[in-house]
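Results of the structural survey
Each chain, letter by letter, is given below.
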Amino acid sequence: MARGGPGGFDVNALMKQAQQMQQQMLEAQEQLKDEIVEAGAGGGMVKVKMGGDLTLREITIDPEAIDPEEAEMLADMVQAAVNEALRAAQELAGSKMGGITGGGMGGMGGLPGM
């Protein structure tokens, strides 16, 4: 019953390919935990390190950025740096995962909805 579709479509081969892709994605997710991206804001006064698994690892604030009267500006710089690091981490994850799925789900043989 391996060939159940029109034109000799092999369901078992498709299932095996899906299982291999799932395993590769799990391995890539594990590797992403060890990847770090860094971003900054305010001319480098605020730096953020984000893991490839989208976890915030470190925030560094230059002591010169700490001014009690500029707390709102500092908060804005921290937010900007975190958002930039998050974007970079998502881009990293996308590049790792995109290689597995063929840039989306195209590696699934062009099935409808995939």
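Please refer to the structure placed before this passage.
Residues numbered from 1 in each chain as written. Predicted model: local features only at pLDDT ≥ 70, side-chain atom pairs only at ≥ 80, totals over all residues. Heavy atoms only, no water.

The next point concerns the pairing of strand S3 (residues 56-61). Relative to S3, strand S2 (residues 46-51) runs antiparallel, the two sharing five bridges. Note that in S3 the partner of Lys49 across the bridge is Glu58. What sits between S2 and S3 in their antiparallel hairpin is a turn of four residues, with Leu54 showing a positive phi close to 65 degrees. (Pairing = 2+ DSSP bridges. Helix = DSSP H or I, 4+ residues; strand = E, 2+ residues; numbered from the N terminus.)

On to the sheet that holds S3, then. The strand order across the open sheet built from three strands is S1-S2-S3, with neighbouring strands paired in antiparallel fashion. This sheet does not close on itself; its edge strands, each paired only once, are strand S1 (36-41) and S3. Neighbour to neighbour, the strand axes of the sheet diverge by 15 degrees on average, direction disregarded. (Axes fitted to C-alpha atoms, helices over the stretch in contact; angles between N-to-C directions.)

Glancing now at the pairing of S1. On S1, burial follows the alternation: Val37, Ala39 and Ala41 on one face are buried, whereas Ile36, Glu38 and Gly40 on the facing-out side are not. Adjacent in sequence and paired antiparallel, S1 and S2 are bridged by four residues, among which Gly42 carries a positive phi angle near 65 degrees. (Buried < 20%, exposed > 50% of the residue type's maximum accessible area, 1.4 Å probe, protein only.)

Core analysis: the biggest nonpolar cluster contains 20 residues, and Val37 and Met77 have the highest contact counts within it. Broken down by secondary-structure element, the contributors of at least two residues to this core are helix H1 (11-32), S1, S2 and helix H2 (71-101). In terms of residues, this core owes the most to one element, H2, which gives 10 residues. The contact partners of Met77, leaving out residues within four places of it in the chain, are Ala41, Gly42, Val46 and Ala65. (Core = buried A, V, L, I, M, F, W, Y, C linked by side-chain atoms within 4.5 Å. Contact = heavy atoms within 4.5 Å.)

When the charged atoms of two side chains lie near each other, side chains of opposite charge can form a pair. Scanning the entire structure with this criterion turns up four salt bridges. Between Arg57 and Asp53 there is a salt bridge; the shortest N-O distance is 3.2 Å. Between Glu91 and Arg87 there is a salt bridge, with its nearest N and O atoms 2.8 Å apart. Taken together, the residues Glu91 and Arg87, both in helix H2 and four residues apart, mark about one turn of the helix. Looking at Glu91, the relative accessible area reads 53%, which means it is exposed. It is possible to trace a salt-bridge network through shared partners that takes in Glu84, Arg87 and Glu91. (Salt bridge = Lys/Arg side-chain N within 4 Å of Asp/Glu carboxyl O.)

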